[in-house]
Amino acid sequence: MVVVQGAHPTVAVLERHLTLYRRLWQASVFSSFVLPVLFLLSIGIGVGGYVGRLQGVDYLSWIVPGVLASTVFQIAVGESTYSVLGDFKWVRAYHAMRATPVGPADMVRGQLLYLVIRATVAVVAFLVVVVFFGGLHSPWALVTPLVCAVLTVSVAAPVTAFAATIEHDSYFSLLFRFVVLPSSLFAGVFFPVEQLTAVLRPLAYASPLWHGVELCRAATLGRAPAWPVVVHAGYLLAWAAVGFFLAVRAFRRRLED
């Protein structure tokens, strides 16, 4: 990796990720753009015809923020697992970066900035489609890209830290099976968390995805969430900060030990 003269190392890492994505973006069109829209239409309109109204709104409007946050969640996890491990173990791109003025913190920041851009593009495209179906009920929907950006970092940072500490990709199957899948199903994406048993509810509250869903739903529907906004935002920021610290430490140990 060559750092452009005068460019900040973090920007150089971001540029590298964007250059790779520009060559491979076609592979992500279906999962990041087409699939969420098809899912929204099939579940929101198809299943919504049987569900009717939920918490005072039609099911399509209720599920829009859930699908939005869930899509960002999937992007954050997907881009922070195999690609991070691969750049350490197989491609050894991070080792090449370390031979330049790029440091571990720059690598993590560049990765997270790239994911924020990926997520923001997906969110904006999704919102444009949803407008034509009447799924947005408040101008506060304009803040959902910001919410999703914070959600992206809060999820991607700790997953990046995890990916930087393992040697075998078989660990990712455990991550997807016991963390990603339960979060996607029970974090308020498809039905209110209040319908879960009292034993399972705290597990949903612990997931960053639930807090992202609640903030997005509050924005798209124009009503306050059950918990204060500052609590949801603070929880996501805490995950982001701790995850970033752990990721930088994991990168440094792997590259310098």
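Position numbers for residues start from 1 in each chain and track the written sequence from start to end. Whole-chain, interface and lining totals are the exception, using all residues; otherwise, since this is a predicted model, local features are given only for residues with pLDDT of at least 70 and side-chain atom pairs are given and counted only at 80 or more. With hydrogens and water set aside, each side-chain value is computed from the structure's full complement of heavy atoms.

**Quick look at the pattern of salt bridges**
Then, in step 1: Each salt bridge in this description consists of a side-chain nitrogen of Lys or Arg and a carboxyl oxygen of Asp or Glu lying within 4 Å of one another. Here the structure, examined in full by the defined rule, presents six salt bridges.
Then, in step 2: Notably, a salt bridge pairs D87 with R16, separated by 2.9 Å at the nearest N-O pair. Of this pair, D87 sits in helix α4 (residues 82-89) while R16 sits in helix α1 (residues 9-24), and the two are 71 residues apart along the sequence. Secondary structure elements are defined from DSSP: runs of H or I of at least 4 residues count as helices, runs of E of at least 2 residues count as strands, and each element is numbered from the N terminus.

**Regarding the packing of α1 against helix α6 (residues 104-131)**
Then, in step 1: At a closest axis distance of 8 Å, the pairing of α1 and α6 adopts a crossing angle of 45°. Comparing their axes, α6 and α1 come out oblique. Viewed along their axes, α1 and α6 form a crossing whose handedness is right-handed. Facing P9, T10, V13, L14, H17, L18 and Y21 of α1, the residues of α6 in contact are D106, M107, R109, G110, Q111, L113, Y114, I117 and R118.
Then, in step 2: Under the scheme applied here, ten amino acids are nonpolar (Ala, Val, Leu, Ile, Met, Phe, Trp, Tyr, Cys and Pro), four are charged (Asp, Glu, Lys and Arg), and all others, including Gly, are polar. Looking at the contact of α1 with α6 residue by residue, the class counts come to nine nonpolar, four polar and three charged. Between the N-to-C directions of two axes lies an angle of 0 to 180 degrees, each axis being a line fitted to C-alpha atoms and, for a helix, fitted only over the stretch in contact. Here the word oblique covers every angle except those under 35 degrees (roughly parallel), over 145 (roughly antiparallel) and from 65 to 115 (roughly perpendicular). Rotating anticlockwise by less than a right angle from the far helix to the near helix defines a left-handed crossing, while the corresponding clockwise rotation defines a right-handed one. Should any heavy atoms of two residues lie within 4.5 Å, those residues are considered in contact.

**Comments concerning helix α10 (residues 208-221)**
Then, in step 1: Multiplying one less than the number of residues by 1.5 Å gives the expected span of a helix. Its 14 residues give α10 an end-to-end C-alpha distance of 20 Å, which sits within 8% of 20 Å, the value for a rise of 1.5 Å per residue.
Then, in step 2: With respect to burial, α10 is a largely interior element, 14 of its 14 residues being buried.
Then, in step 3: Pairs of N or O atoms are called polar contacts if they sit within 3.5 Å, as long as, within protein, a hydrogen donor faces a hydrogen acceptor (for residues adjacent in sequence, only side-chain-to-side-chain pairs). You can read the cap of α10 off the contacts: a side-chain oxygen lies 3.1 Å from the backbone nitrogen of L209, and it is on S207.
Then, in step 4: Downstream of α10 by one or two residues, G222 has phi in the positive range, about 70°. Buried means the residue's accessible area, taken with a 1.4 Å probe over protein chains only, is under 20% of the maximum for its type, while exposed means over 50%, and partly exposed covers the values in between.

**Focus: a nonpolar patch on the surface**
Then, in step 1: To count toward a patch, a residue needs a relative accessible area over 30% and no salt bridge; like charges are then connected within 9 Å, while nonpolar side chains (Val, Leu, Ile, Met, Phe, Trp, Tyr) are connected within 5 Å. Per-residue accessibility takes into account occlusion by the displayed protein chains alone, with areas from the Shrake-Rupley method and a 1.4 Å probe. Taken together, the side chains of I45, V124, V128, V131, F132 and F133 make up a nonpolar region of the molecular surface, amounting to roughly 580 Å² of accessible area.
Then, in step 2: Along the chain, V128 turns up in helix α6.
Then, in step 3: The exposure class of V128 is partly exposed, given its relative accessible area of 44%.

**Considerations on the confidence of the model for the chain**
Do not read the predicted coordinates in detail wherever pLDDT is low.
Then, in step 1: Every residue gets a pLDDT, meaning the predictor's confidence in that residue, from 0 to 100. Mean pLDDT over the chain: 89, with 93% of residues reaching 70 or higher.
Then, in step 2: Mean pLDDT per element in the chain: helix α2 (residues 26-51) is the minimum at 70, and helix α7 (residues 144-163) is the maximum at 97.

**Concerning the packing of aromatic side chains**
Then, in step 1: The rule is short: rings of Phe, Tyr and Trp, with Trp giving its six-membered ring, pair when the centres are within 6.5 Å, and they are stacked under 30 degrees, edge-to-face over 60, tilted in between. All told, the structure shown has 12 aromatic pairs when counted by the stated rule.
Then, in step 2: Geometrically, the ring pair formed by Y82 and F172 is edge-to-face, given 4.8 Å between the ring centres and 65° between the ring planes. Taken as a pair, Y82 in helix α4 and F172 in helix α8 (residues 170-186) lie far apart in primary sequence, 90 residues in all.
Then, in step 3: Looking at Y82, the relative accessible area reads 40%, which means it is partly exposed.
Then, in step 4: Exposure remark for F172: the relative accessible area of 0% places this residue in the buried category.
Then, in step 5: Centre to centre, the rings of Y94 and F251 are 4.9 Å apart; their planes meet at 65°, and the pair counts as edge-to-face.

**Things to note about the side chain of T81**
Then, in step 1: Relative to the elements of secondary structure, T81 occurs in the loop between α3 (59-78) and α4.
Then, in step 2: With relative accessibility at 0%, the residue T81 sits in the buried group.
Then, in step 3: In this structure the side chain of T81 is engaged in a polar contact, spanning 3.3 Å, whose partner is the backbone oxygen of V77.
Then, in step 4: Setting aside chain neighbours within four positions, we find T81 in contact with V159, A163, F172, L175 and F176.

**Observations regarding the environment of A163**
Then, in step 1: Mapped onto the elements of the fold, A163 is located in helix α7.
Then, in step 2: With relative accessibility at 0%, the residue A163 sits in the buried group.
Then, in step 3: Distance from A163 to F186, taken between C-alpha atoms, is 24 Å for residues 23 residues apart in sequence.
Then, in step 4: Not counting the four nearest positions on each side in its chain, A163 is found in contact with S80, T81, V84, L85, F172 and R254.

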